[in-house]
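Listed below, chain by chain, are the residues.
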Amino acid sequence: MIHAFPLNQPILADSPIFAEIHRIVNQNAPKLAALNSGYHSPEEVRSVFSEISEQEIDESVVISLPVYSDFGSHIRFGKEVFINSNVMFTDLGGITIEDKVLIGPKASILTVNHPTNPTQRRGLILKPVHLKKNCWIGANATILPGVTVGENAIVAAGAVVSKDVPDNAIVAGIPAKVIQMID
C-alpha cells in the first residue's frame, strides 16, 4: 500500500508525518539489512520485497544484492524487471518500475529532496519517479525526484537525469541531454 504522504510540498521536520515515516523506516530497515547479509535465493529476495512493498512481486523480477532503500514501501515493480547490484532506491515519494525495465549497478533512483529555505532544510519534498516500459538505466546513473524516463529510453552510465526523458531517447551527461533517438 502506498502511504499517503503529500507530494511536491514541504513536509517539515516537526510534522507528525515524520513520526509515521520513521516508524515505517524502522520496520523495513532490519529486513533490508538482513537481506544484504549473506546469500539469499531470488525467491527469498522477492519475498522480502513483497513484504516490504506490500505487493506481490512477480517471479520474473530479478533483484541482485546488495540493494538499498531508505523507505522500501513505495516501490512498484512490473514484470521482467532486472535490478543489478548496489542500486539505491530513495522511494519515499514513490517509484514506479514498469515491465521489462533494466537498472544497472550502482544506479540511484531518488524521490526525495529538501527545501531550499534554510529554516526548512531538514524537511522533505517528495516527487515520484516513473520508469516506463523497457527503459534501461545505465550503471551509476542518477534519476532525480520527479523524473519520468520514457518507454524504450536509455539513460547512459553515469548520467544525472533532472528532466523527463522522452520515449525512445538516449540521454547522457550531467545534466543528461538527449544524444540520440532510437528508431
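The name given to the protein in an unreviewed UniProt entry is DapH/DapD/GlmU-related protein, and the organism recorded there is Exercitatus varius. One UniProt comment on the protein, placed under Sequence similarities (unreviewed entry), says "Belongs to the transferase hexapeptide repeat family."

Novice: Residue-level account of the nonpolar core, with values.
Specialist: In terms of nonpolar packing, the biggest core is built from 37 residues, with F49, F89, I97, I103, L131, I137 and V149 touching the most fellow members. Among the elements of the structure, α1 (16–35), α2 (42–53), β4 (75–77), β6 (87–90), β7 (95–97), β12 (129–131) and β18 (169–172) are those that each provide at least two residues to this core. At three residues, α2 tops the list of elements feeding residues into this core. Residues contacting F49, with those up to four places away along its chain left out, are L32, L35, E54, I57, I63, V67, I75 and F77. Counting residues in hydrophobic clusters, the runner-up holds ten residues, among them I11, I24, V112 and L124.

Novice: Can you explain the side chain of S108? Please cite residues and give values.
Specialist: Tracing the backbone through its elements, the reader meets S108 in strand β9 (residues 108–110). Excluding its chain neighbours within four sequence positions, the residues that come into contact with S108 are M88, A141, T142 and I143.

Novice: So what's going on with α2? Which residues, and what values?
Specialist: An α-helical turn contains 3.6 residues, so any two residues separated by three or four positions project in the same direction. Taking 1.5 Å per residue, twelve residues should reach 16 Å; α2 reaches 16 Å between its end C-alpha atoms and fits that length. Among the residues of α2, V45, R46, F49, S50, I52 and S53 are the ones counted as buried. Buried residues along α2 cover an arc of 165° about the axis, so they all sit on one side. Looking at the residues trailing α2, positive phi occurs at E54, about 60°.

Novice: Describe the packing of aromatic side chains, naming the residues involved and giving the relevant values.
Specialist: For the structure on display, the rule yields two aromatic pairs. Residues F5 and F71 carry aromatic rings whose centres are separated by 6.0 Å and whose planes lie at 75° to one another, so their mutual orientation is edge-to-face. With F5 in the segment before β1 (10–11) and F71 in the loop between β3 (67–69) and β4, the pair connects residues that are 66 residues apart, well separated along the chain. The same class applies to F5 as to F71, namely buried. Judged by centre distance (5.8 Å) and plane angle (85°), the rings of F49 and F77 are edge-to-face. Of this pair, F49 sits in helix α2 while F77 is found in strand β4, placing the two residues 28 residues apart along the sequence. In this structure F49 comes out as buried when scored by relative accessible area, which is 0%. A relative accessible area of 10% places F77 in the buried class.

Novice: Explain the sheet that holds strand β11 (residues 124–126) to me, and be specific about the residues and the numbers.
Specialist: In space, the three strands of this open sheet follow the order β1-β11-β10, with antiparallel pairing throughout. Two strands in the sheet have a free side with no partner beyond their single neighbour: β1 and β10 (112–113). Where β10 and β11 come together, two bridges link them in antiparallel fashion. Bridge pairing in β11 links V112 to L126.

Basis of the calculations
Every chain is numbered independently, its residues counted from 1 as its sequence is written. Under the rules for a predicted model, residues below a pLDDT of 70 receive no local features and side-chain atom pairs below 80 are neither given nor counted, while totals for whole chains, interfaces and linings still include all residues. No hydrogens and no water enter the side-chain calculation; it runs on all heavy atoms of the structure. UniProt positions are given in the numbering used here, feature names are shortened, and annotations may be inferred rather than shown by experiment. Residue types Ala, Val, Leu, Ile, Met, Phe, Trp, Tyr and Cys, when buried and joined through side-chain atoms within 4.5 Å, form a set referred to as a nonpolar core. Burial here depends on accessible area, computed with a 1.4 Å probe over protein chains only, as a share of the maximum for the residue type. Under 20% is buried, over 50% is exposed, and the range in between is partly exposed. Here a strand is any run of E in DSSP of at least two residues, a helix any run of H or I of at least four, and the numbering for each starts at the N terminus. It only takes one pair of heavy atoms within 4.5 Å for two residues to be counted as in contact. For a helix, the expected span equals 1.5 Å multiplied by the number of residues minus one. Think of it as the arc spanned by the lines of direction from the helix axis to the C-beta atoms. To pair, rings of Phe, Tyr and Trp, with the six-membered ring standing in for Trp, must have centres within 6.5 Å; the planes then decide the type, stacked if under 30 degrees apart, edge-to-face if over 60, and tilted in the middle. Whether two strands pair comes down to DSSP finding at least two bridges between them.

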